[in-house]
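# Structural features, examined
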2 protein chains.
Amino acid sequence: MRPTVNDIARAAGVSLATVDRVLNARPGVRKVTIERVNRAIEELGYVRDLSAANLARRRTYRFVFVLPEGDSQFQRALRETVEEVARHAVRERMAVNTVLVPPGDPHHLARVLHGLEGGDVEGVAIMAPETPHVRDAIRHLKEHGVAVVSLVSDLPNTEQDHFVGIDNIAAGRTAGVLMRRFLGGSSGKILVLGNTMILRESVERRLGFDAALIECYPRIEVLPSIEWRDDPELLERNVRAAFASYDNIIGVYVTGSGNRLFSRVLAPYREEHELVYIAHELTEHTRAALIGGSIDVVITQDIGHVVRSTLRVLRAKVDRTEIDAAQERIRIDIILKENLT
Amino acid sequence: MRPTVNDIARAAGVSLATVDRVLNARPGVRKVTIERVNRAIEELGYVRDLSAANLARRRTYRFVFVLPEGDSQFQRALRETVEEVARHAVRERMAVNTVLVPPGDPHHLARVLHGLEGGDVEGVAIMAPETPHVRDAIRHLKEHGVAVVSLVSDLPNTEQDHFVGIDNIAAGRTAGVLMRRFLGGSSGKILVLGNTMILRESVERRLGFDAALIECYPRIEVLPSIEWRDDPELLERNVRAAFASYDNIIGVYVTGSGNRLFSRVLAPYREEHELVYIAHELTEHTRAALIGGSIDVVITQDIGHVVRSTLRVLRAKVDRTEIDAAQERIRIDIILKENLT
DNA sequence: AATTTTTTGAGGTACGCACCTCATTTTTTG
DNA sequence: CAAAAAATGAGGTGCGTACCTCAAAAAATT
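Being a predicted model, the structure only gives us computed values, none of them experimental.

### A short note on the protein's contact with DNA strand C
In the vicinity of DNA strand C there are 27 residues, among which Ser 15, Thr 18 and Thr 33 of chain A together with Tyr 46 and Arg 48 of chain B approach most closely. For DNA strand C, the backbone makes up 77% of the atoms found within 4 Å of the protein, where backbone means sugar plus phosphate. Between Ala 56 of chain A and DNA strand C, the recorded distance is 3.2 Å, taken from a backbone N or O atom to a base oxygen. Within the backbone of Asp 49 of chain B, a nitrogen or oxygen atom sits 3.2 Å from a phosphate oxygen of DNA strand C. Sorting the residues of the surface near DNA strand C by element identifies helix H2 (16-23) and helix H4 (50-57) of chain A together with helix H2 (16-23) and helix H4 (50-57) of chain B as the ones contributing at least two each. With four residues, the top contributor of residues to the surface near DNA strand C is H4 of chain B. Its residues assigned to classes, the surface near DNA strand C shows ten nonpolar, seven polar and ten charged.

### Overview of the domain arrangement of chain A
Quoted interface sizes are often the accessible area lost when the parts come together. Residues and elements named next belong to chain A. Entries for chain A in the domain assignment read domain 1 (5-48), domain 2 (59-165 + 303-330) and domain 3 (168-300). The C-alpha centroid of domain 3 is placed 30 Å from the C-alpha centroid of domain 2. Taken together, the contact pairs ten residues of domain 2 with ten residues of domain 3. Taken together, both faces of the contact between domain 2 and domain 3 bury some 810 Å²; the carbon and sulfur share is 54%. Our count for the domain 2 to domain 3 interface comes out at zero salt bridges. Summed over the shared surface of domain 2 and domain 3, the result is four residue pairs in polar contact (both at pLDDT 80 or more). The residue makeup of the side of domain 2 that touches domain 3, split by class, is four nonpolar, three polar and three charged.

### A closer look at the pairing of strand E10 (residues 276-280) of chain A
All names here are of chain A. Of all five residues in E10, five are buried; the element is thus mostly enclosed. Neither face of E10 is exposed, since Val 276, Ile 278 and His 280 on one face and Tyr 277 and Ala 279 on the opposite face are all buried. With helix H11 (residues 259-270) bridging strand E9 (residues 249-254) and its parallel neighbour E10, the resulting β-α-β unit is right-handed. Relative to strand E11 (residues 297-300), E10 is paired through three bridges, and the arrangement is parallel. Bridge assignment links His 280 to a residue of E11, and that residue is Ile 299. With respect to chirality, the unit in which E10 leads through helix H12 (residues 284-292) into the neighbouring parallel E11 is right-handed.

### Regarding the packing of aromatic side chains
Inspection of every chain in the model, using the stated rule, returns nine aromatic pairs over all chains. Between Phe 209 of chain A and Tyr 253 of chain A, the aromatic rings sit 4.0 Å apart at their centres with planes inclined by 15°, giving stacked as the arrangement. Of this pair, Phe 209 of chain A sits in helix H9 (residues 200-213) while Tyr 253 of chain A sits in strand E9, and the two are 44 residues apart along the sequence. On the basis of relative accessible area, Phe 209 of chain A is assigned to the buried category, the value being 0%. Look at Tyr 253 of chain A and you get buried, because its relative accessible area is 0%. Note on Phe 243 of chain B and Tyr 269 of chain B: the rings are 4.2 Å apart at their centroids and 10° apart in plane angle, and the pair reads as stacked. You can see Phe 243 of chain B sitting in helix H10 (residues 232-245) and its partner Tyr 269 of chain B sitting in helix H11 (residues 259-270), a full 26 residues away along the chain. Looking at Phe 243 of chain B, the relative accessible area reads 8%, which means it is buried. By relative accessible area, Tyr 269 of chain B is classed as buried at 16%. Directly above the aromatic system of Tyr 61 of chain A lies the positively charged group of Arg 59 of chain A, at a separation of 4.3 Å from the ring centroid.

### Some words on unusual backbone geometry
Here the residue pair Tyr 217 of chain A and Pro 218 of chain A is connected by a cis peptide bond, since its omega of 5° sits within 30 degrees of zero. Among the secondary structure elements, Pro 218 of chain A is positioned in the loop between H9 and strand E7 (220-222). With a phi angle near 55°, Arg 58 of chain A is a residue other than glycine that sits in the positive phi range. Assessed through its relative accessible area of 67%, Arg 58 of chain A is described here as exposed. Phi is positive for Arg 229 of chain B, close to 45°, though the residue is something other than glycine. Within the element layout of this structure, Arg 229 of chain B appears in the loop between strand E7 (220-227) and H10.

### Side note on the interface of chain A and chain B
Of the residues lining the interface, 34 residues belong to chain A; the matching set on chain B comes to 33 residues. Regarding the contact of chain A and chain B, the summed buried area is about 3500 Å², with carbon and sulfur atoms giving 52% of it. Where chain A touches chain B, the interface holds ten salt bridges. Close ionic contact of Asp 302 of chain B with Arg 331 of chain A constitutes a salt bridge, the shortest N to O distance being 3.5 Å.

### Points about the pattern of salt bridges
Applying the stated rule across the entire model yields 44 salt bridges over all chains. Of the charged contacts in the structure, one is a salt bridge between Asp 333 of chain A and Arg 331 of chain B, with a shortest N-O distance of 2.5 Å. Taken as a pair, Asp 333 of chain A in strand E12 (residues 333-335) and Arg 331 of chain B in the loop between helix H14 (325-328) and strand E11 (333-335) lie in two separate chains rather than in one. For the pair Asp 333 of chain A and Arg 331 of chain B, one class covers both residues: buried. Through salt bridges that share partners, Asp 136, Arg 139 and Glu 159 of chain A make up one connected network.

### Focus on the protein's contact with DNA strand D
Around DNA strand D, 28 residues are found, and the nearest of them are Tyr 46 and Arg 48 of chain A together with Ser 15, Thr 18 and Thr 33 of chain B. For DNA strand D, the backbone makes up 74% of the atoms found within 4 Å of the protein, where backbone means sugar plus phosphate. The contact in question runs from a phosphate oxygen of DNA strand D to an N or O atom on the side chain of Asn 24 of chain A, over 3.3 Å. In this structure, a phosphate oxygen belonging to DNA strand D sits 2.7 Å away from a side-chain N or O atom of Tyr 46 of chain A. Sorting the residues of the surface near DNA strand D by element identifies H2 and H4 of chain A together with H2 and H4 of chain B as the ones contributing at least two each. Considering each element in turn, the surface near DNA strand D owes the most residues, four residues, to H4 of chain A. Its residues assigned to classes, the surface near DNA strand D shows eleven nonpolar, seven polar and ten charged.

### Some remarks on helix H8 (residues 168-182) of chain A
All names here are of chain A. With 15 residues, H8 should reach 21 Å at 1.5 Å per residue; the first-to-last C-alpha distance of 21 Å fits that figure. Of all 15 residues in H8, eleven are buried; the element is thus mostly enclosed. If you check which residues of H8 are buried, you get Asn 168, Ala 170, Ala 171, Gly 172, Thr 174, Ala 175, Gly 176, Val 177, Leu 178, Met 179 and Phe 182. Capping the start of H8, Asp 167 holds a side-chain oxygen 2.9 Å from the backbone nitrogen of Ile 169, two or three residues further along. Backbone geometry just after H8 places Gly 184 at a positive phi near 60°.

Cut-off values and rules
- Residues numbered from 1 in each chain as written.
- Chains lettered and ligands numbered in written order.
- Predicted model: local features only at pLDDT ≥ 70, side-chain atom pairs only at ≥ 80, totals over all residues.
- Heavy atoms only, no water.
- Near = heavy atom within 4 Å.
- Polar contact = N/O pair within 3.5 Å; in protein donor to acceptor, adjacent residues only side chain to side chain.
- Helix = DSSP H or I, 4+ residues; strand = E, 2+ residues; numbered from the N terminus.
- Nonpolar A, V, L, I, M, F, W, Y, C, P; charged D, E, K, R; others polar.
- Domains from an automatic or database assignment.
- Contact = heavy atoms within 4.5 Å.
- Buried area = accessible area lost by both parts, 1.4 Å probe.
- Salt bridge = Lys/Arg side-chain N within 4 Å of Asp/Glu carboxyl O.
- Buried < 20%, exposed > 50% of the residue type's maximum accessible area, 1.4 Å probe, protein only.
- Right-handed = clockwise from strand over helix to strand, strands pointing away.
- Pairing = 2+ DSSP bridges.
- Phe/Tyr/Trp six-rings, centres within 6.5 Å; stacked < 30°, edge-to-face > 60°.
- Lys NZ or Arg CZ within 6 Å of the ring centre and 35° of its normal.
- Expected span 1.5 Å × (residues − 1).

Below is the structure:
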């Protein structure tokens, strides 16, 4: 049987009330007494029964996800997963809400984050690019005792508690190696497509990708990234220009969102060029494209895992308990048609 | 606020005692009353607070892992992971024990399984090959209300509640496709190594592997499996024979355990032959070999995930709650040096 | 030493639920 | 219709913890 507060009280030779004061850091206990109690806790190996404690506290963890309201399939799927997981999370005393913010508006985002403090929100999960405003807002939240976790997109220079997601340089490197191996011995150019290189993920992936392929230069040459910034026509023009300039394009690497569009724009060229197509993020579209054979590899992260992990980490932070690193490590998943389940 | 038993008592116009009788399936309630209570439960969307219930019940889930005592690195790691997860599980009212059984002794295993019934064990997790004795033992356990889950190695023709692990045919197919792509356009033979083809995993992986490579025949030819049945010398003889018979061996596929040994035996040949080496199960050895470059790809399953998932499933079974399919699906992980974290 | 301040103890109530007893009401049966 | 049987209600106790109050004891101050 696990020891209870009563056992501690007896072992430490103090009353229940004192143990309670120590456990919950209430004032009015001498240092020596605190130490005596802590020694008893140590010796008996007492761990607070969190479910009983939460019951007594009538506690509900209040968490907020701040997510971009973009309509890429990945962002959609992320929002849906959060909703889904939130429904289950109710059973574990968690109230999870989502706030959507327009992408590319740091001021708006910062205002939203500021607004979260002062309510009863105990933890915030953010997916957004890092800007000075965001950094300040996060510091503000932390100062007011709110746990802050970033997901998918890291915020390394902030005071966040944790990042839930993959190492995007390694992900890009993985893509690069697979590109190299899937190309066999062919030589030619590789097209890199991305919505915008402002997002740190895209930059990091590109970095890793290049690093993995530099050793094959000049047999394989990675072309400068083509961005489209939500402008389909710009994309089309640039892709057409690329195929006009080089007749030996043998691979395509898409660093971020936009696979639906890219697939469409690339379609006419694929009839003449055999391409190895590597993309990121497993979504409805990329899944279908894997099955159909138009995408060869998808590098992804399990989004359900990301969301569940985020909640576990937030809870651990407010409870000040340990997090299980092995469980919370998000893997870089390599998905082929064959291991798609 | 979530509704409580009191709320449904009030809503159904019955007393707390009656609600309790209905909730816990105690006798002495008329059908009409039961329905009335259930309607109230439905309408208010009541869900039992499991942590409060478990607190009141002074419940501890008692689970047993029945694992092979073999000393392959995978089996070792599995046992260690179970120990590790078990330590954390105590906080969630779970008492997890491990029973080791000698591999290849179905009678012993069946005896152990029979012995588990009658105690207070509520769930059993088994990793073992399927035999008639095991089937009977599992039926016996199920009949006595013990939840049974298999992990890693499926027991499809038994009355088990669930299987936690990967689809090994798909895993083999994945290995096959990667072999094909990593080989580029080369032609030659592929060595398949496995300790024993008695284990269903090995057979299934081989099946999938062949299916993925049959289309390349005869450019690529997959040789008959070399088994070693715990006899290193047999292995060495056979490998030597294979390299003597064929001078164009270009790939190695190891379907199961034994990578440490295989690496050693293959070493002398690798100096002359460039080999694509694909293995299963990420262990200390395969990890090091990936980094060192002697293994190119490891197809694996996250063993921590497997064990945690097993516990969640067992708990869900005894609680008769839903399991989250997305969370419990074990992925076929493709590990390269680059996405090794 | 007397007084003030701090520390400690004793005890209660609540959280949401399980499980128990006994009295009372309702239904069924002869 | 009475007696027996079944169903229901009322109420209590405990699980391990939080949080509160008030009195008593101990320590620090004058």
